[in-house]
Amino acid sequence: MNDKENYSNILVNALVNLGDVVLITSAIALLKKAYPKSKITVLVKPAVCQAVENNPVIDDVIVFNYRPKQNSISQTFRILKDIKKRRFDLNISFDRKLRPALMCWLANIPIRIGPDRVFEDKRNYVTWFYTKVIPIRCNLYNTLQAEIYQDIVRGFTGIKEHSKPVFSRIMPENEQNAKKLLDELPEAEKYIALCVKGTHPMKTWPREYFVELVDTLNKYYNTSFFIVGAQNDIVYADKVIELMHTSVANFCGRTSLIDLAALMKKSDLLVTVDTGAAHIAATTEIPMVVVYGCTSPKRWHPINKNAYVFSSYEHCLPPNCLGRKCPSNPKPNCLWRVKPEAVLEQCKKLLG
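Quick caveat, the model's predicted, so the values are computed rather than measured. (Residues numbered from 1 in each chain as written. Predicted model: local features only at pLDDT ≥ 70, side-chain atom pairs only at ≥ 80, totals over all residues. Heavy atoms only, no water.)

Enquirer: What is the right way to read the pattern of salt bridges from this model?
Expert: Opposite charge on two side chains permits them to pair, given that their charged atoms come into close proximity. Evaluated as defined, the whole model comprises 16 salt bridges. For the salt bridge of Asp-59 with Lys-32, the shortest nitrogen-to-oxygen distance reads 2.7 Å. Of this pair, Asp-59 sits in the loop between β2 (39–44) and β3 (60–63) while Lys-32 sits in helix α1 (residues 18–34), and the two are 27 residues apart along the sequence. Overall, the relative accessible area of 17% leaves Lys-32 in the buried class. Among the salt bridges present, the one from Glu-161 reaches Lys-33, with a minimum N-O distance of 3.0 Å. Placement of the pair is Glu-161 in the loop between α4 (145–157) and α5 (172–183) and Lys-33 in helix α1, with a sequence separation of 128 residues. Note on Glu-161: relative accessible area 39%, which makes it partly exposed. Each of Lys-39, Asp-60, Asp-82 and Arg-86 takes part in one network of salt bridges that share partners. (Salt bridge = Lys/Arg side-chain N within 4 Å of Asp/Glu carboxyl O. Helix = DSSP H or I, 4+ residues; strand = E, 2+ residues; numbered from the N terminus. Buried < 20%, exposed > 50% of the residue type's maximum accessible area, 1.4 Å probe, protein only.)

Okay, structure coming up:
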């Protein structure tokens, strides 16, 4: 354990996307074990605040509408003033972003911790604003991202344990919202959720494959299908549904993040691409099948004993091909080589 064990007011920087925030909660759970009497506040983007509000390991939330190179100076100073007023005695950065690191330095937080790398091997000058830099010694591309986040806490506190992500509490109203949605579906023996769209095309399994999978599953089981996703996924989901020969409901944009977790708890299977919803679902331990494209399950595997993953593990996966430069566009090998027949067989095993 770190020699100073009396940190009472901790700020965590987590200005990252939904999936990462869910994974970061596993590291916050370790931080809570190391300093059980501390108050832990998390700095997040508005779109993910539901994942950390009413969360068992998080005491408070600061929402910062962070957009690189776009935020106004007045908004940044408003958040800086709030941080300074709260008099934090420890700051831990999981996002390695310059602006929050600078704000914590300007707010005179005495101990500021951050990793030497977390998303890629490239190092940058953000570490100048940390009072202690935690070396991450593992191979970033072959290590679960949740473990990388936890290594930051282990490296500072000396705690040896591991933890799972901790999602926000599912409340009775969330259970009721989930039930209302399921009540819209035809009564069935199995309820199967689909998440058909990733955050960019290189994560999105071909719609033809989803159609083949659903049509075949419908022959084997008495099933109701529905698609989950964000508001901006509605149009794409409708296009997928148009190709289906099976009735599929579109629930995109109709759930909060907590409603989504409640809906997963009431479902029998989730078939999804690599997206934040998959990591939310994993916290419910729903049986799930995840199809990977340009990302690797070696790093982004859901923390769920009931999760099974498919990837063709192309040679061009990161770090060999960073970003969205795909040598096999417009039909990326990483997506088109994961065939629906293989996914079907795993779904059948999970459904029994």
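Enquirer: In this structure, what is going on with the packing of helix α2 (residues 73–86) against helix α3 (residues 98–106)? I would like to understand it.
Expert: If you want to describe how two helices pack, look at the angle between their axes and the distance between the axes. The geometry of α2 relative to α3 is characterised by a closest axis approach of 9 Å and an angle of 45° between their N-to-C directions. As judged from the angle between their axes, α2 and α3 are oblique. Considering the relative orientation of α2 and α3, their crossing is right-handed. Residues Thr-76, Ile-79, Leu-80, Ile-83 and Lys-84 of α2 form the contact with α3, whose participating residues are Arg-99, Met-103 and Leu-106. Across the contact of α2 with α3, the residue classes tally to five nonpolar, one polar and two charged. (Axes fitted to C-alpha atoms, helices over the stretch in contact; angles between N-to-C directions. Parallel < 35°, antiparallel > 145°, perpendicular 65-115°, else oblique. Left-handed = near helix turned anticlockwise from the far one by under 90°. Contact = heavy atoms within 4.5 Å. Nonpolar A, V, L, I, M, F, W, Y, C, P; charged D, E, K, R; others polar.)

Enquirer: Teacher, can you tell me more about the sheet that holds strand β11 (residues 288–291) here?
Expert: Hydrogen bonds along the backbone pair up the strands of a sheet, which may run parallel or antiparallel. Judged by pairing direction, the sheet is parallel, and its six strands sit side by side in the order β9-β8-β7-β10-β11-β12 without closing on themselves. In the strand order of this sheet, the two ends are held by β9 (248–250) and β12 (307–310), each with one partner. Within this sheet the neighbouring strands show an average axis-to-axis angle of 20°, counted without direction. Judged from the four bridges that link them, strand β10 (residues 269–273) and β11 form a sheet pairing that is parallel. Note on β11: the bridge partner recorded for Leu-270 is Met-288. Together, β7 (190–195), β8 (223–227), β9 and β10 form the strand contacts of helix α6 (residues 207–220), whose direction differs from that of β8 by roughly 160°. Along the sheet face, helix α7 (residues 234–243) touches β8 and β9 and points at about 170° away from the line of β9. (Pairing = 2+ DSSP bridges.)

Enquirer: Would you mind showing me how to read the nonpolar core here?
Expert: Counting residues in hydrophobic clusters, the biggest one holds 76 residues, and the most contacted among them are Phe-94, Phe-226, Leu-263, Met-264 and Met-288. The element best represented in this core is α1, accounting for 11 residues. Those residues within four positions of Phe-226 in sequence are excluded, and the remaining contacts are Leu-182, Leu-185, Tyr-191, Ile-192, Ala-193, Leu-194, Val-248, Ala-249, Phe-251, Leu-263, Met-264 and Ser-267. With 31 residues, the next largest nonpolar core counts Tyr-209, Val-271, Val-273 and Val-291 among its residues. (Core = buried A, V, L, I, M, F, W, Y, C linked by side-chain atoms within 4.5 Å.)

Enquirer: Just to check I follow, could you spell out the packing of aromatic side chains for this structure?
Expert: This structure, assessed with the given rule, holds 11 aromatic pairs. Ring centres of Tyr-7 and Tyr-35 lie 5.3 Å apart, and the angle between their planes is 85°; on these two criteria the pair is classed as edge-to-face. Taken as a pair, Tyr-7 in the segment before β1 (9–13) and Tyr-35 in the loop between α1 and β2 lie far apart in primary sequence, 28 residues in all. Of the aromatic side chains, those joined through ring pairs into one cluster are Trp-205, Tyr-209, Phe-210 and Trp-336. Taking the ring centre of Trp-336 as reference, the NZ or CZ of Lys-331 above it sits at 4.5 Å. The ring of Tyr-220 has Lys-348 sitting right over it, with the charged end atom 4.1 Å from the ring centre. (Phe/Tyr/Trp six-rings, centres within 6.5 Å; stacked < 30°, edge-to-face > 60°. Lys NZ or Arg CZ within 6 Å of the ring centre and 35° of its normal.)

Enquirer: It is not clear to me how α3 should be interpreted in this structure. Could you clarify?
Expert: One turn of the α-helix equals 3.6 residues, which is why residues spaced by three or four share an orientation. Three or more residues of α3 are buried, namely Arg-99, Pro-100, Ala-101, Met-103 and Cys-104. Tucked inside the fold, the buried residues of α3 contact β1, β2, α2, β4 (90–93) and β5 (112–115). Just past α3, the residue Asn-108 takes up positive phi, approximately 60°.

Enquirer: Help me understand the pairing of β10 in this model?
Expert: With respect to burial, β10 is a largely interior element, five of its five residues being buried. Going residue by residue along β10, you find Leu-269, Val-271 and Val-273 tucked away on one face and Leu-270 and Thr-272 tucked away on the opposite face as well. Bridge count for β7 against β10 is four bridges, and the pairing is parallel. Following the sheet pairing, Cys-195 is matched in β10 by Thr-272. Between the parallel elements β10 and β11, the chain passes through helix α9 (residues 276–282) in a crossover that is right-handed. (Right-handed = clockwise from strand over helix to strand, strands pointing away.)

Enquirer: For this particular structure, what's the right way to read the state of the cysteines?
Expert: What makes a disulfide is a covalent bond joining the sulfur atoms belonging to two cysteines. The tally for this structure, following the rule as stated, stands at zero disulfides. Cys-49 takes part in no disulfide bond, and the closest cysteine sulfur to it belongs to Cys-104, at a distance of 19 Å. (Disulfide = S-S within 2.5 Å.)

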